[in-house]
Amino acid sequence: MWIMKILQRHVVYDALLRCTKPTRLWDLYAFASGPSRFKNTTPLVRLLDEYFRLLCLGSYRASINIIENGSFTLSNDLWRISSVNSDYTMCQSYPFALVVPKIISDDEVLQASSFRARCRLPVVSWCNPLTGAVVARSSQPLVGLMMNMRSNMDEKLVGALCSKLDNGSRRKLYIVDARPRKNALANGAMGGGSESSSNYFQSEIVFLGIDNIHAMRESFVRLREYMDTHGRTSSDGMSSFLRQGGSTWGGGNLSSMSASVSTLGDSGWLLHVQNVLAGAAWIAARVAMENASVLVHCSDGWDRTSQLVSLANLLLDPYYRTFTGFQALVDKDWLAFGHPFSDRVGMPSVSGTGNVPFELSRQSSTSNFPPSPMRQSSGTFVSQPPASSHSHNSNNYSPIFLQWVDCVSQLLRIYPFAFEFSAAFLVDFVDCMLSCRFGNFLCNSEKERQQFNVFEACGCLWVYLADLRTSSGGSHVHYNPFYDPLKHSGPLLPPAAALAPTLWPQFHLRWACPEEAQAGEIEAQCRKIVMKYAEMQKAKEMAERKAKEVTNSMESLNAELRREKQLNSSAMNMAKSMSKENMAIKRAIQSMGCKVHVSGSSGECIVDIESNPDILCCSSRKESNSNVRDDKKDMSVSVVITAGDDDDGNNAIGRVCETLCPFRFGDGRVCETLCPFRFGDGGCRWPNGGCAQLGSQYVGLKANFDAFDKLSIDDSYFKSE
């Protein structure tokens, strides 16, 4: 029974081991999870788009069709995109498309490739569209032990990288060898070596002295050991104490703290980071300040070369400091140009043997690093026997890419306004690269990823990170709240004093000293302020929209109110005019001793004469348009007298004459005795009155109302004869 239990435990253990340490590429989680909603866009298309941008061919857009039919071989005045490696036969670790000098043919490119290690010939990585200066990359030349081997095609290709200046003079060329000089000479024994300035016209050879992948691996192991020993918490989550005195971080005595600092210095990690930063800054300064071209290489041209070229490009081009530009930079200088991620990170390779996933961010220094296949010059893979539990030198693992991201974090610390992304983005980016969840960083080259259809079978890291930012908007932790693209719109050229690096707290201290990893507290507070500002900005915009709507509504109401006032004023004037007219009619008729009764609103009134049942009808009306006067003070009143049945017209007229001003009878006689305004000599006291005219049986009275008004104040009207 107990034997069965042991066998079952072994089965479970083997299953867990296969899941945690898969030995085949397709056993990784990226293949099991599939692309999901983070479907990978073709990196070949992205690489061509970046080439089009560099060559100022922005009107062109890459697609699968132009890749399949080979129509992507465009060019400008100096450079062209070559398809000489479209099937990866020339160089298995280079991308399918290369940027080379326009004056160099594909046949010459093929001839020149044989003079460089692994056929990694000099090609353009970045070019300045204004000056024509370039940053190029390659592997070491195969000059041999005596340093006397030469290649005319290689010298012609390298010389073509130096286009002429505007004044007609030849541009200077710097050939930067990332290795120490002694290492370059030692490689000559194996057929490699370095260039001679006498063989390359107007060139200067510079050695940067950056150590190889094995030195970087040992340095990183010592750094992790330092973190586990002197941190508050070890990388595996267990409690950790100082070996001297057993005190936790920050609580030891002076001697223990000195030993801690000395141990960190002995790891050499910060010194390596500084060397890489200084080398990249020197390259960027030569291109930006001298308009010189720079060719960078190490041994194989895919480790230190990738670090230096990509950092120099980051310093020279502000586009690479944005999210989209950073993606293009990594896709081009690391993935397309064949940095062996499977070997360096420790993931299974296409051969399906040997490598074990390795989590840099949490691995303890006591862990072993199983070997990975050795890459041969022909591109084939042979498996190596397992190494001992503490052997680190027998494999190709090395934290080269992590070291490069560490350098980027140092630049972000020095220039906090120059980068669109934050330190938190860099941490998540490295974690995603190591998680085996996405296919971007699997395998060792673009050819291998194409061969095993990684792009379609696995999800895309870039889509995942972009989705995170989109879900939270501009307040996401990946955004740098201090980013100001106008502040650093040109190259970044840090002085030597600014390149003293510090330990990257957000990554290296997040397990050992979690509280120290929160060094970006100011950044967090600034992000909160930015979020609050964004909310206030939205509220302000909403308030401005509402205020504009209210203003428009008020203007509309004011316009309507003005129209109403105009109508009201017209109505008031008309009412005053009507009132004045009515009062005048009333006074005129009352002066005849009549009783006025107004019926309805038709303007007609019935006037009764008190002493006689005869009916006198009065109508107030406007004359035809031809008779209407513009002067509203002049009004006309027409009085119509209708005689009764038993009276003739003359009697009726005679009775009316007794109360009216001078009347003229039909025969022309004037009733002077009845007119109160008549002088004895026949003159009239009211010459402006327009007295009535008598004719037949009708009496027409035209009154000047201004004269009526003056009647009450003109004393001459009331003087006795």
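Residues numbered from 1 in each chain as written. Predicted model: local features only at pLDDT ≥ 70, side-chain atom pairs only at ≥ 80, totals over all residues. Heavy atoms only, no water.

Draft legend 1. Spatial organisation of the confidence of the model for the protein chain. A residue-level look at the protein chain finds 69% of positions with pLDDT of 70 or above and a mean pLDDT of 77. Long-range and interchain partners of residues 600–605, a stretch whose pLDDT sits below 50, account for nine contacts in this model, where long-range means more than four residues apart. Counting contacts from residues 607–674, a segment whose pLDDT is below 50, to residues more than four positions away or on other chains yields 102 contacts. (pLDDT = per-residue confidence, 0-100. Contact = heavy atoms within 4.5 Å.)

Draft legend 2. How the structure looks around a nonpolar patch on the surface. On the surface, Ile3, Met4 and Leu7 cluster together into a nonpolar patch covering about 300 Å² of accessible area. Position of Leu7 relative to the elements: it lies in helix α1 (residues 2–20). On the accessibility criterion, Leu7 (48% relative accessible area) is partly exposed. (Patch = residues over 30% accessible without salt bridge, like charges linked within 9 Å, V, L, I, M, F, W, Y side chains within 5 Å. Areas by Shrake-Rupley, 256 points an atom, 1.4 Å probe, with all protein chains shown as cover. Salt bridge = Lys/Arg side-chain N within 4 Å of Asp/Glu carboxyl O. Helix = DSSP H or I, 4+ residues; strand = E, 2+ residues; numbered from the N terminus. Buried < 20%, exposed > 50% of the residue type's maximum accessible area, 1.4 Å probe, protein only.)

Draft legend 3. Region of interest: the nonpolar core. One finds Leu48, Leu311, Phe326, Val330, Phe401, Trp404 and Phe429 to be the most contacted residues of the largest nonpolar core, which totals 143 residues. Other than its neighbours up to four places away in sequence, Phe401 contacts Val330, Trp334, His339, Phe341, Phe429, Met433 and Phe441. (Core = buried A, V, L, I, M, F, W, Y, C linked by side-chain atoms within 4.5 Å.)

Draft legend 4. Broad picture of the pattern of salt bridges. In the structure shown here, the tally under the stated rule is 17 salt bridges. The salt bridge involving Asp154 is made with Arg116; its shortest N-O contact spans 2.9 Å. Placement of Asp154 in helix α6 (residues 152–160) and of Arg116 in the loop between α5 (106–113) and β3 (123–127) is noted, with a sequence separation of 38 residues between them. In this structure Asp154 comes out as buried when scored by relative accessible area, which is 0%. Assessed through its relative accessible area of 1%, Arg116 is described here as buried. One continuous salt-bridge network, built from bridges that share partners, spans Glu50, Arg53 and Asp317.

Draft legend 5. Representation of unusual backbone geometry in the model. In this structure, Met147 takes a positive phi of about 60° despite not being glycine. When you line up the elements, Met147 lands in the loop between β4 (134–137) and α6. On the basis of relative accessibility, which here comes to 30%, the residue Met147 falls in the partly exposed class. For Asn291, which is not a glycine, the phi torsion comes out positive at approximately 55°. You can call Asn291 partly exposed: its relative accessible area is 27%.

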